[in-house]
Every structure is written in C-alpha cells, then in structure tokens.
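This is what each chain is made of:
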Amino acid sequence: MIDVKKIRAQFPVYSKYPEMRFFDSAASAFKHQSVIEAMMDYLSFNGTNVHRGVYQLAAESTTKYEHARSVIAKFINASAEEVIFTKSTTHSINLAANSLGLTLQSGDEIILSELEHHSNLLPWLELASRLNLVVKFIPLMDGMITIDNFKTVLTNKTKLVITHHMSNVMGYETPLQEMAKFTHEVGAKIIVDAAQSIVHIKTDVKALDVDMLAFSGHKVYGPNGIGVLYIKSGLMSKLSPTEFGGEMVDKVHLDGSTWKSGAYKFEAGTPAIAEAIGLAKAFEFIDSIGIENIHQHELHLRNYVVDKLKDEPGITVFNKHGESTLLSFNIDEVHPHDTSSFLDQHGVAVRAGHHCNQLTMKYLNQDATVRASFAIYNSIEDCDILIKAILETRDFFHSI
Ligand code: PMP
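Residues numbered from 1 in each chain as written. Predicted model: local features only at pLDDT ≥ 70, side-chain atom pairs only at ≥ 80, totals over all residues. Heavy atoms only, no water.

Visitor: A description of the nonpolar core should follow, citing residues and the corresponding values.
Guide: With 74 residues, the main nonpolar core has Tyr221, Ile286 and Tyr377 as its most contacted residues. Broken down by element, the residue count for this core peaks at 10 residues, all from helix 11 (residues 273-289). Both domains that meet at this core, namely domain 1 (35-287) and domain 2 (290-399), each give it at least three residues. Setting aside anything within four residues of it in sequence, one finds tyrosine 377 in contact with Val4, Ile7, Arg8, Phe11, Tyr14, Phe22, Ser25, Ala29, Phe30, Tyr221 and Asp382. Counting residues in each nonpolar core, the second largest holds 26 residues, with Ala97, Ala214, Met236 and Phe266 among its members. (Core = buried A, V, L, I, M, F, W, Y, C linked by side-chain atoms within 4.5 Å. Buried < 20%, exposed > 50% of the residue type's maximum accessible area, 1.4 Å probe, protein only. Helix = DSSP H or I, 4+ residues; strand = E, 2+ residues; numbered from the N terminus. Domains from an automatic or database assignment. Contact = heavy atoms within 4.5 Å.)

Take a look at the structure:
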C-alpha cells in the first residue's frame, strides 16, 4: 500500500500547492526531493566537467556521473557500457534513427504503428523518405497491438521494428517480449520508446531482449534535459556515431578519426551532469518503493475512476477495455481544451490536445482528447475530485 501522505511530503511542489489534483504526470512528473537535493549539491559544491580534469573536484564529478550511469543501468538490467546519456527520449530516438540509418538501404522495410508518439514516428518517417525505405504499419485491434496483427506485417525484408512499450494516449502495454522474439527470428532489430512505461512497469532489457530502448528523466520524477538510450552491447559496437565533438573521439586525423568505444562515442560535448546525477536519484526513489507497488496503486486509482465514468451519459472513455495507468476521454460536444480549463477551476490538472500523437487521434476519430494520468502521489480523494469536476463540467455544458 502506498502511503500517499508520506509520499507527498517528499515532493516539495505539494508544500506550495497542497490542494493541487495533478493528473498530468504522463507529460512531466513532479520532481522528488532527493533529485532536487542531489542536483543542488552538485551545482552548489562542484559544477566541474566530467572525463576531463584530473584534479580532485573534477574526478569527483566524473565519479558521480558514472555512478549515475551504473544506477540507471541496474534499473533496466543493462550494463553501464550499454547506457548512453542523451537530452531526452526524442534525442535518443533521433540518435538511434540516424545511426541505424547508416546500416540500411533502399527497399529495406521498417515497421511502425499509428500509436507512436511523434518522437517515435517522425525520425523514422524522415529516415524512410531519405533512404527510400518501405514503411509498414501494424493494424490495430481496439487501440492495441496484438501479436497476430504484428505478424501480418513482419517479413524477411524487415530490418527494424519500431514500437512503444506503453502508449501515451491509450496507456496499453505492447507484447514486447513476444514482438522481440519474432523480430529476431527474421533477423531484424527492435527499437523501443519506453518514455511512458519506464515509470510504471518493470523494464528488464535482457528479459525483454530488445535492441534499443529510450526514455526521459522528466517522466520518472527526475529532471528535464536528460534522457537515456540503451543499446545492446553487440549492436553498439557495430554502430557509428552521428554527432561529433569533444570527448567522443579517440584519435583525431585529418582523414578519418577514430572514436571512443561503447556509450562514450555517442556522447559528444559536455553532458547534462547535474541532470544525470538527479536521474539516478529518481530511480533510487522508485526502487525504494518498488515499481510493482507503484503500478498497483496507479491501476487501482485508474480503475476506480473508469468504473465511475464508463457508463455516464455524455462521456466517452476511449481506453476502457484494457489495463492502463491513464484515462483518455472526451465530454461529448465539448472541446477538450474547454474541459481542461473547467477542470482547472476545480484545481484539477489534466492534459488536453492531440498528445503529440496525431495518428492515434485519427484512429480514434477525434481532433483531440483529454488525458488524466495517474502517479505515485495521487490519492482516492484526488480521484473523487476529478470525477466530480468531470461530471459538473458535462452538466454545465450540456445544460446550455
Ligand atoms: N514517447 C512517448 C510515448 C512520450 O509520451 C513522450 C513524451 N510525451 C515522448 C516520446 C517524448 O519525450 P521527450 O519529450 O521527453 O523527448
């Protein structure tokens, strides 16, 4: 059982806004106290670069940065050499697309789905148009990816399967382990956008057997400006960097330089040091509570809200048929931005719009939707206020 009161005391934002009913953690989550403190400590009492200076303060900075890498690697059951620090999921996926693109040729097939966030769609579509790749989309079943449907687009020409672990609109989990198995059977690689799943479900890159996996710090109670790209070690050594500059190089020659090995060859320039240190603290916090406990808490809250709303007239719930940690809905005839503004007047924060996911909106036949996402600091009391605010908003608009 999650003691929400105790948890909230660890999130400073609640000391300023104790009445806030925050249901937008899927966009960016509040920051845990330990994250803020670790970043403040580095910024206040160190601030030096990593991997460069040999004096004591710089060595301490490098140690902390590399320790952070190890903590994050352990969280996803990878080795530290397989963890690249990036700016965000978006940066990670662009890096993945550009680097993998160097291994592809015209006519190669890649697989995507209409559930992908623009960050996991546009880099691949751009690559496909540059290299003349064939793009196939997995047919969806009630907003979900199923193995049977996945197999209909997988061929011997498939080189990359690009998918998410949890959709940011539906919140459903993909059958990743099985997808990876079938992907490898045709000799292709599977690349995963884990931006949404990483904070809700156990991510074990070895058990899942994925080739690449990307996520961001700001959705895991950690800082903005930092992300991760995991690349399986066997694949990492075969890939070339696509960003060049300080510290990623081994020997500089006028005609062909050589690169450092492992993750370092993908980390050109000065990294986000405070953010990496903060991110490790976020994962330590999650580990201290247990990700399975967090997930159960969120599912409980989400199911509580769905049960109360699913049969209410004038409200359409788009993802009521599966397990999810978010609620996607619309009040009939009310623009999602109006719904969101009305909920805000009740102190309820939700996300409204296309969620950087225009293909999924098209699939749902909507211009936009409202999304309430559930996190470790949400309580049943929050949910009651959310439900009341949604029903009052519906009643207001439907009476005029
Ligand atoms: N993929 C998914 C599924 C997301 O939800 C998000 C963030 N909304 C992203 C990718 C992009 O993350 P970022 O903006 O941190 O790069």
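Visitor: How would you summarise the site of the ligand if you had to cite specific residues and measurements?
Guide: By nearness alone, every residue bordering the ligand is listed as Ser88, Thr89, Thr90, His117, Ser119, Asn168, Asp193, Ala195, Gln196, Ser216, His218 and Lys219. In the environment of the ligand, an oxygen atom lies 3.5 Å from a nitrogen or oxygen atom belonging to the side chain of serine 88. Residue aspartate 193 places a side-chain N or O atom 2.5 Å away from a nitrogen atom belonging to the ligand. Protein burial of the ligand: of its 400 Å² of free accessible surface, 87% is covered by the chains. Among the cavities detected, the one that contains the ligand is the largest pocket. Counted by class, the shell around the ligand contains 1 nonpolar, 9 polar and 2 charged residues. (Near = heavy atom within 4 Å. Polar contact = N/O pair within 3.5 Å; in protein donor to acceptor, adjacent residues only side chain to side chain. Areas by Shrake-Rupley, 256 points an atom, 1.4 Å probe, with all protein chains shown as cover. 1 Å grid on protein atoms, 1.4 Å probe; cavity = no way out; pocket = protein on both sides within 12 Å on 5 of 7 lines; lining within 4 Å. Sits in = over half its atoms within 2 Å of the grid points. Nonpolar A, V, L, I, M, F, W, Y, C, P; charged D, E, K, R; others polar.)

Visitor: Go over the layout of surface pockets with me, naming the residues and quoting the values.
Guide: Space left empty within the atom packing is revealed by a probe, the size of a water molecule, rolled over the atoms. Its boundaries defined by the atoms lining it, the largest pocket holds a volume of some 270 Å³. Forming the boundary of the largest pocket are 23 residues, of which His117, Asn168, Ala195, Gln196 and Lys219 lie nearest the centre. The residue inventory of the lining of the largest pocket, partitioned by class, reads 6 nonpolar, 12 polar and 5 charged. When residues are assigned to domains, the lining of the largest pocket turns out to be shared by domain 1 (35-287) and domain 2 (290-399), each giving three or more. (Points joined across faces, edges and corners; volume = space filled by probe spheres on them.)

Visitor: Run through the confidence of the model for the protein chain, naming residues and quoting values.
Guide: Per-residue pLDDT for the protein chain has a mean of 97; in total, 100% of the residues score no lower than 70. Listed scores for the predicted complex are pTM 0.97 and ipTM 0.99. (pLDDT = per-residue confidence, 0-100.)

Visitor: Summarise the packing of helix 3 (residues 33-45) against helix 11; cite the residues concerned and give the values.
Guide: Here helix 3 crosses helix 11 at 150°, and the two axes come no closer than 8 Å. Comparing the axis directions of helix 3 and helix 11 gives the class roughly antiparallel. Remark: the crossing between helix 3 and helix 11 carries right-handed chirality. Of the residues in helix 11, those in contact with Ser34, Val35, Ala38, Met39, Tyr42 and Leu43 of helix 3 are Ile273, Ala274, Glu275, Ile277, Gly278, Lys281 and Ala282. Per-class residue counts for the contact of helix 3 with helix 11 are 9 nonpolar, 2 polar and 2 charged. (Axes fitted to C-alpha atoms, helices over the stretch in contact; angles between N-to-C directions. Parallel < 35°, antiparallel > 145°, perpendicular 65-115°, else oblique. Left-handed = near helix turned anticlockwise from the far one by under 90°.)

Visitor: Describe in detail the sheet that holds strand 15 (residues 369-373), supporting the description with residues and values.
Guide: Strand order in this open sheet of 4 strands is 11-12-15-14, and the pairing throughout is antiparallel. The sheet terminates laterally at strand 11 (315-317) and strand 14 (351-353), the two strands that pair on one side only. Averaged over all adjacent pairs, the angle separating strand axes in this sheet is 30°, with direction ignored. Alignment of strand 14 against strand 15, held across 3 bridges, turns out to be antiparallel. Following the sheet pairing, alanine 352 is matched in strand 15 by valine 370. Contacts from helix 15 (residues 380-399) reach strand 11, strand 12 (326-331) and strand 15, with the element oriented near 15° to strand 12. (Pairing = 2+ DSSP bridges.)

Visitor: Residue-level account of the domain arrangement of the protein chain, with values.
Guide: Many structure descriptions define interface size as the accessible area lost when the parts assemble. Partitioning the protein chain into structural domains gives domain 1 (35-287) and domain 2 (290-399). Taking the mean C-alpha position of each, domain 1 and domain 2 sit 29 Å from one another. Counting residues at the interface gives 30 residues for domain 1 and 30 residues for domain 2. Carbon and sulfur atoms supply 58% of the area buried between domain 1 and domain 2, which totals about 2300 Å² over both sides. The largest contributions to the domain 1 side of the interface with domain 2 come from Val169, His200 and Tyr221, which together make up 27% of the buried area. Inspection of the region where domain 1 meets domain 2 yields 0 salt bridges. (Buried area = accessible area lost by both parts, 1.4 Å probe. Salt bridge = Lys/Arg side-chain N within 4 Å of Asp/Glu carboxyl O.)

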